[in-house]
Amino acid sequence: MRYLQIAGFVLGLIAFLVSAAFIGNPNGDTFWKTGVGFMLSTIALTLLWLTKK
């Protein structure tokens with residue numbers, strides 16, 4: 001499960017970086033919303049499925 005959390009975070013980070021390249025373009029808004037979605041899902045994964053300590 002930890003790998004899924006890391007993958008979601010990395011995908012969200014990539015979406016944010018790509019959205020910076022498309023500022024002022026509808027594609028930039030789409031990538032921004034995608035990044036926010038990945039980050040929110042990563043937060044939910046982290047809070048719902050805790051890893052072993």
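Our subject in this report is the structure included herewith. (Residues numbered from 1 in each chain as written. Predicted model: local features only at pLDDT ≥ 70, side-chain atom pairs only at ≥ 80, totals over all residues. Heavy atoms only, no water.)

1. Focus on the packing of aromatic side chains
(1) Moving on: If you walk through the whole model with that rule in mind, you get 2 aromatic pairs.
(2) Moving on: With 4.7 Å between their ring centres and 55° between their planes, Phe 16 and Trp 32 make a pair best called tilted. With Phe 16 in helix H1 (residues 2-21) and Trp 32 in helix H2 (residues 26-48), this pair connects stretches of sequence that are 16 residues apart.
(3) Moving on: A relative accessible area of 49% places Trp 32 in the partly exposed class.
(4) Moving on: Relative to Phe 31, the ring of Phe 22 lies with its centre 5.9 Å away and its plane at 15°, an arrangement referred to as stacked.
(5) Moving on: Residue class for Phe 22 comes out partly exposed when judged on its relative accessible area of 31%. (Phe/Tyr/Trp six-rings, centres within 6.5 Å; stacked < 30°, edge-to-face > 60°. Helix = DSSP H or I, 4+ residues; strand = E, 2+ residues; numbered from the N terminus. Buried < 20%, exposed > 50% of the residue type's maximum accessible area, 1.4 Å probe, protein only.)

2. A word on H2
(1) Moving on: Taking 1.5 Å of rise per residue, the 23 residues of H2 would be expected to cover 33 Å, and the 33 Å separating its terminal C-alpha atoms lies within 8% of that figure.
(2) Moving on: Here H2 has its buried residues at Gly 28, Gly 35, Met 39, Thr 42 and Leu 45.
(3) Moving on: Where H2 is buried, its residues contact H1. (Expected span 1.5 Å × (residues − 1). Contact = heavy atoms within 4.5 Å.)

3. Description of H1
(1) Moving on: A rise of 1.5 Å per residue sets the reference length of H1, with its 20 residues, at 28 Å; its end C-alpha atoms lie 30 Å apart and thus fit the reference within 8%.
(2) Moving on: Of the residues making up H1, those classed as buried are Gln 5, Gly 8, Gly 12, Ala 15 and Ser 19. Buried residues of H1, viewed axially, fall in a sector of 90°; they line one side. With respect to the buried face of H1, the exposed residues turned more than 90 degrees away are Tyr 3, Leu 17 and Ala 21.
(3) Moving on: Each element contacted by the buried residues of H1 is listed here: H2. (Arc of directions from axis to C-beta.)

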